[in-house]
Amino acid sequence: MFVAAIEKAAGFTRAIHTIVRTWGSDRIVPGSATLFFVNADGWALTCAHVAKQFSDGQAVADKFTAFREERSKIEPGKNQRNALHQLERKYGFKTGDAIELYSRLLGCVDGSLNMDVKLHATLDVALLKFNGFNKILCDNFPVFGRDGTDLKQGKSICRLGFPFPEFSNYGYDPVTDTIGWTDGGQEHSPRFPIDGMLTRHIGDSDGKIVAFELSTPGIRGQSGGPAFDTEGRVWGMQSVTKHLDLDFDVDVEVLRGSKIRRIQDSAFLHSGGCIHVDALKAFMRDNGVKFEEG
């Protein structure tokens, strides 16, 4: 049902890869997110919580660089351990805190990556503006639904993104105590679609519809990806997954092989939350971004 629509959406949908290292570890945690281009001028949409990773990554890097510079000045001796503990307290590093966070945008532009970010004041939406590129690596652009009132309960919607990160082109350098991207390994992760039925509309504090809910979850890594119909028209953007309590608590004994096991579980419905097309178009108009409706 969505075969042609997915091919169409894939033409303007791109992956964002991230690698993170936390305090006290040399383990690298890969992650992913999604963006989609809006026009040939280099404008793209993604979630605000995704776009914030770009500025967060720079702030994290600056803090860790400053820490390492001060750490390198600690002279060896009996007071070295105490001085290091004091330095750690100064910077507030705790187990689980990110000390390195790097992002890579795949298949977006040819040339230097120079990008401005505009965050929506209240919604989980961000506009990205690519600047100074030689060529945009996108040959088709989305058509947004003309009238948001056509989004009704029961409408089938598909989302496209890049969850389940399978890329492996990263590594840890023990000499410099840093992580980074490498020339080896797998560079790409496959795109992944998931469809669902529109279940409910979501309003803001004034009752204005700004989002909608789908009967299936958006998968981690699809945030910022387009939500479209069977013809490929974009009606929203995947933003969040909600966990709705079904009040089906289970406490039973079951037979597994030749043994009795006790199962205790609580059931939840995982639903997807998408930013509404009308909210996306209003934000683009406010920022002078051209887009196509149909």
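Residues numbered from 1 in each chain as written. Predicted model: local features only at pLDDT ≥ 70, side-chain atom pairs only at ≥ 80, totals over all residues. Heavy atoms only, no water.

Asker: Describe the overall build of the protein, naming the residues involved and giving the relevant values.
Answerer: Per the secondary structure count, the protein includes four helices and 18 strands. Summarising its shape, the C-alpha atoms of the protein cover approximately 70 × 65 × 45 Å along the three principal directions. Buried positions account for 42% of the 294 residues belonging to the protein. Long-range pairs, those at least 24 residues apart, make up 71% of the contacts in the protein with a sequence separation of at least 6. For the protein, the exposed area adds up to about 15700 Å²; of that, 49% sits on carbon and sulfur atoms. Across the protein, 35 positive and 38 negative side-chain charges occur, with their mean positions spaced 2 Å apart. (Helix = DSSP H or I, 4+ residues; strand = E, 2+ residues; numbered from the N terminus. Buried < 20%, exposed > 50% of the residue type's maximum accessible area, 1.4 Å probe, protein only. Contact = heavy atoms within 4.5 Å. Areas by Shrake-Rupley, 256 points an atom, 1.4 Å probe, with all protein chains shown as cover. Lys, Arg positive; Asp, Glu negative; His and termini not counted. Charge placed at Lys NZ, Arg CZ, Asp CG, Glu CD.)

Asker: For the packing of aromatic side chains, give the residues involved together with the corresponding values.
Answerer: Summed over the entire model, instances satisfying the criterion amount to 15 aromatic pairs. Pairing W23 with F67 gives two aromatic rings, centres 5.4 Å apart and planes at 85°, and the pair type is edge-to-face. Of this pair, W23 sits in the loop between β1 (13-22) and β2 (29-37) while F67 is found in helix α2 (residues 48-71), placing the two residues 44 residues apart along the sequence. Where Y91 meets F93, the ring centres are 6.1 Å apart and the plane angle is 10°; that geometry is what we call stacked. Across this residue pair, the class does not change: Y91 and F93 are buried. An aromatic cluster of at least three residues, connected via ring pairs, comprises W23, F64, F67, Y91 and F93. (Phe/Tyr/Trp six-rings, centres within 6.5 Å; stacked < 30°, edge-to-face > 60°.)

Asker: Can you break down the layout of surface pockets residue by residue, with the values?
Answerer: To find leftover empty space, one rolls a probe the size of a water molecule over the atoms. The computed volume of the largest pocket comes to approximately 490 Å³. Along the walls of the largest pocket sit 22 residues, with S32, I219, R220, G221 and S223 positioned nearest its centre. Of all the secondary-structure elements, those providing two or more residues to the lining of the largest pocket are β1, β2, α2 and β16 (234-256). Lining the second largest pocket we find H120, T122, L123, D204, K208, I209, V210, D278, A279, A282, F283 and D286. Sorting elements by how many residues they give to the lining of the second largest pocket places helix α4 (residues 277-286) first, with five residues. Partitioning the lining of the second largest pocket into residue classes produces six nonpolar, two polar and four charged. (1 Å grid on protein atoms, 1.4 Å probe; cavity = no way out; pocket = protein on both sides within 12 Å on 5 of 7 lines; lining within 4 Å. Points joined across faces, edges and corners; volume = space filled by probe spheres on them. Nonpolar A, V, L, I, M, F, W, Y, C, P; charged D, E, K, R; others polar.)

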